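Here is what each chain is made of, one letter per residue.
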Amino acid sequence: MRGQGGGLLPFAEDTPQAQAAVPFRARLPIPRELTDSKLRIPIREAEAQILPGDKTRLWTYGGTFPGPTVRRPAGQRTEVTFHHELPARVGELSVHLHGGHNRTRFDGQPGGLTKSQPLSYYCHIPRGLSPRESGNDLLLAPGARKTYVYDLMEDGRPERSAFQWYHDHRLDRTSPHSWRGLAGMWIVDDELDSSLPLPSGERDIPLMIADRTFDRHNQLTDPFKGLRPPADGIVGRSVLVNGAFMPHHHVGARRYRLRILNVSQFRSYNLHLSNGAPMVQIATDSGLMPAPVRRTEILLGPAERVEVIVDFAGARGETVELRSSKRHSGRNVTGSRTYAGALMQFRVGSERLPDRTRVPRRLRPLPEWTRKVSHKPSHRWEITIGGLFKTTWLINGRTFNPAYADAFPKLGSTVTWEVHNRTTVAHVMHLHHTDWYLLSRDGKRPPPWEDCLKDTFFVYPGERILLAGHFSDHTGKFVIHCHMLDHEDHGLMSQFQVVAS
Ligand SMILES: [Cu+2]
């Protein structure tokens, strides 16, 4: 089997170099960690050895794909200066720290029309907006630098530990920018997390899953032309983990913490281990859950994260593959069909090793505000498809307009919102500003791995989900959008504006 959702060697027939790529031959790259409070990350072109033969040209954070992993203690201000060193034709950029709780001006707003981007084919952007109204004053122009300030605080306390990531968020171009390589991981540590007897150090491994398609010269293809909603889900033929094709990693016969992030444009993964061993989920997009959940299958949509503890003690001297399979349960509609095949291999040492780690029964309680949430939505976000001359995604009847906000929650308030998917495609909705608590899916209580804080949510065709969020610290405009990146670029994005109470 080849192609979309295909088998072991998911390459086109005409890519001889790609065919030379042997599964599990590459070593798993672990991106370098940056831990200082003041960081400088150039955004620049670089070449990477992804497949055997020619190197692949990429747009990168700091010269690698994934970019460096920023790892910082909660509550300690972190300033990252991004320097736009890509060619001028790339136009403006905008860096979003996904999962962060940040001021509008450091949140990576998409911005509006500019000289280098004078038209939007999908979003209705009014002419003559001031730089402030369009958010263009927040963009990163070619040759310029911008310092993003991240306080890593929320509601007067250090932020909760979490596995986050940063990526480009520019209007209409988030998908191609990300495809070219603009993504990196970000880990927030905190005292509670570090005090738990969980695996750490080299036994704490971040894994970024991305699908990409390469041409016969090992260069990334340009799949972005001619795809229109609702058929604008871009899938790559090859799946990479930390920028390597089907890599392997040596582990000892003991417990590991795997932090898994899906940065694919559209593709979902239904994760399991080839030996059937359980993955004990300890964290979601938004950090530690109230209690661990033992799982043998984990669906991971674009931008979602899970953290799992895997015990390799039962596989001494063996190999274990992290695989994705078709789903055995749930709705298998467009947008939630999963990749089938191996992602990477763990080579487990044959030595018996002591292991003092364990998974505690209690991890992190939900914040206080989740106990007094209303189940009556104060605002609805309705996803449809429409447009007069072309097919576009709409949210509350509109495409994205940076000067427009559809809801005005008050600072300090806790709101309940409904997201209703009235299309035939599943979407994964992401809301900026804060972490969100999923109350229900079509009136039913969510499963335990969703009965916690998250920031990205599957919404199936016809489904209504209820989410609660608490707004602290920052007023201003923030986006809500589909994280299937072409959907976002094709209109499926709106804004709410947090106002002073
Ligand atoms: Cu979508």
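Remarks on the coordination of the copper ion
Here is step 1: Taken together, H427 (ND1), C482 (SG) and H487 (ND1) make up the protein donors of the copper ion, found 2.0 to 2.1 Å from the metal.
Here is step 2: When the donor residues of the copper ion are listed from N- to C-terminus, their spacing reads H-x54-C-x4-H. You can see H427 sitting in strand β28 (residues 427–431) and its partner H487 sitting in helix α5 (residues 485–489), a full 60 residues away along the chain. As far as the burial class goes, H427 and H487 line up, both buried.

What about the sheet that holds strand β27 (residues 414–421)?
Two pairing modes exist for strands in a sheet, parallel and antiparallel, and in both the strands are linked by backbone hydrogen bonds.
Here is step 1: Within the open sheet, the 6 strands sit side by side as β26-β25-β27-β32-β29-β30. Their pairing is mixed. Two strands lie at the open edges of the sheet, namely β26 (392–395) and β30 (453–454), each paired on one side alone.
Here is step 2: Of the pairings in the sheet, the one linking strand β25 (residues 379–386) to β27 comprises 5 bridges and is parallel in character. Its bridge partner being in β27, R380 is matched across the sheet by E418.

Here we look at the pattern of salt bridges
Here is step 1: The final tally for this structure, using the stated rule, is 30 salt bridges.
Here is step 2: The closest approach of N and O atoms between R267 and D211, which form a salt bridge, is 3.2 Å. Residue R267 is located in the loop between β16 (255–262) and β17 (268–273), and its partner D211 is located in strand β12 (residues 204–212); the two are separated by 56 residues in the primary sequence. Accessibility classification places R267 together with D211 in one group, the buried group.
Here is step 3: Here R445 and D451 are joined by a salt bridge, their closest N and O atoms 2.5 Å apart.
Here is step 4: One connected set of salt bridges, linked through shared partners, spans E33, R71, D189, D193, D204, R257, R259 and E307.

With respect to the pairing of strand β21 (residues 305–311)
Along a regular strand, successive side chains alternate from one face of the sheet to the other.
Here is step 1: Within β21, 6 of the 7 residues are buried, leaving the element largely enclosed by the surrounding structure.
Here is step 2: In this structure, β16 lies alongside β21, joined through 7 bridges in antiparallel fashion. Paired with L258 across the strands is V308, a residue of β21.
Here is step 3: With 3 bridges connecting them, strand β18 (residues 279–284) and β21 associate as antiparallel partners. In the sheet register, A283 faces β21, and the bridge partner there is E307.

Brief notes about the packing of aromatic side chains
Here is step 1: On inspection of all chains with the given rule, the structure shows 20 aromatic pairs.
Here is step 2: Taking the centre distance of 5.1 Å and the plane angle of 80° together, the rings of Y150 and W186 count as edge-to-face. Here Y150 is found in strand β7 (residues 145–150), whereas its partner W186 is found in strand β11 (residues 183–189), with 36 residues between them in sequence. As far as burial versus exposure is concerned, Y150 and W186 are alike and both buried.
Here is step 3: The structure contains a cluster of three or more aromatic residues connected by ring pairs, namely Y61, F82, Y148, Y150, Y166 and W186.
Here is step 4: One Lys or Arg, R398, reaches over the ring of Y404 and ends 3.8 Å from the middle of that ring.
Here is step 5: Sitting over the face of the ring of F457, K454 holds its NZ or CZ atom 5.9 Å from the ring centroid.

Parameters and conventions
- Residues numbered from 1 in each chain as written.
- Predicted model: local features only at pLDDT ≥ 70, side-chain atom pairs only at ≥ 80, totals over all residues.
- Heavy atoms only, no water.
- Donors = N, O, S within 2.8 Å, 3.2 Å for Na, K, Ca; no water.
- Helix = DSSP H or I, 4+ residues; strand = E, 2+ residues; numbered from the N terminus.
- Buried < 20%, exposed > 50% of the residue type's maximum accessible area, 1.4 Å probe, protein only.
- Pairing = 2+ DSSP bridges.
- Salt bridge = Lys/Arg side-chain N within 4 Å of Asp/Glu carboxyl O.
- Phe/Tyr/Trp six-rings, centres within 6.5 Å; stacked < 30°, edge-to-face > 60°.
- Lys NZ or Arg CZ within 6 Å of the ring centre and 35° of its normal.

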